[in-house]
Amino acid sequence: MTANEAFKDVNRSKNKPLPTILTEDDVPGASLEGRKPEQLKNDELKRWLRCRGASVSGTRVQLLERPIKDYISSGLHMKVTDPDGGIHSTGKNNSKVLAMNVMTRLKLA
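Residues numbered from 1 in each chain as written. Predicted model: local features only at pLDDT ≥ 70, side-chain atom pairs only at ≥ 80, totals over all residues. Heavy atoms only, no water.

The chain is annotated in an unreviewed UniProt entry as SAP domain-containing protein from Porites lobata.

In structure tokens form, the structure reads like this:
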């Protein structure tokens, strides 16, 4: 799929809501901010997991061993969701979202 085709595909789907692609910079608490997971407080660990749609149940050791290390090793740590009901995704610049959606569709094609 060319960039032009992907752009047309995105424009054709204007009636459908486009998914908003969030980054760690968009959602407070979504970034480790250069720290290792072990350096975070329990509330920070849980916030980081919520920003990825993961379960936050379990002890600190369980959170560090199971989901956090799995997310980081599999690359899922880059997939950020909005745990606050969408308030962070509505603030995204529409042209930036459109460009990101075109790039995503190009990668998927």
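The rest of the description comes next.
*Asks:* Which residues make up helix α3 (residues 60-74), and what values go with them?
*Replies:* The terminal C-alpha atoms of α3 lie 20 Å apart, and with 15 residues this matches the ideal 21 Å at 1.5 Å per residue to within 8%. Turning to α3, its buried residues number three or more, namely Leu-63, Leu-64, Pro-67, Ile-68 and Tyr-71. Contacts made by the buried residues of α3 are with α2 (42-50). The positive-phi residue at the C-terminal boundary of α3 is Gly-75, with phi of around 85°. (Helix = DSSP H or I, 4+ residues; strand = E, 2+ residues; numbered from the N terminus. Expected span 1.5 Å × (residues − 1). Buried < 20%, exposed > 50% of the residue type's maximum accessible area, 1.4 Å probe, protein only. Contact = heavy atoms within 4.5 Å.)

*Asks:* Quick rundown of the pattern of salt bridges? Include the residues and the values.
*Replies:* Counting across every chain of the model gives 6 salt bridges. Linking Arg-35 and Glu-33 is a salt bridge whose minimum nitrogen-to-oxygen distance equals 3.7 Å. When the shortest N-O distance is used, the salt bridge between Lys-69 and Glu-65 registers 3.8 Å. One end of the pair is Lys-69 and the other is Glu-65, both in helix α3 and 4 residues apart, which spans about a single turn. (Salt bridge = Lys/Arg side-chain N within 4 Å of Asp/Glu carboxyl O.)

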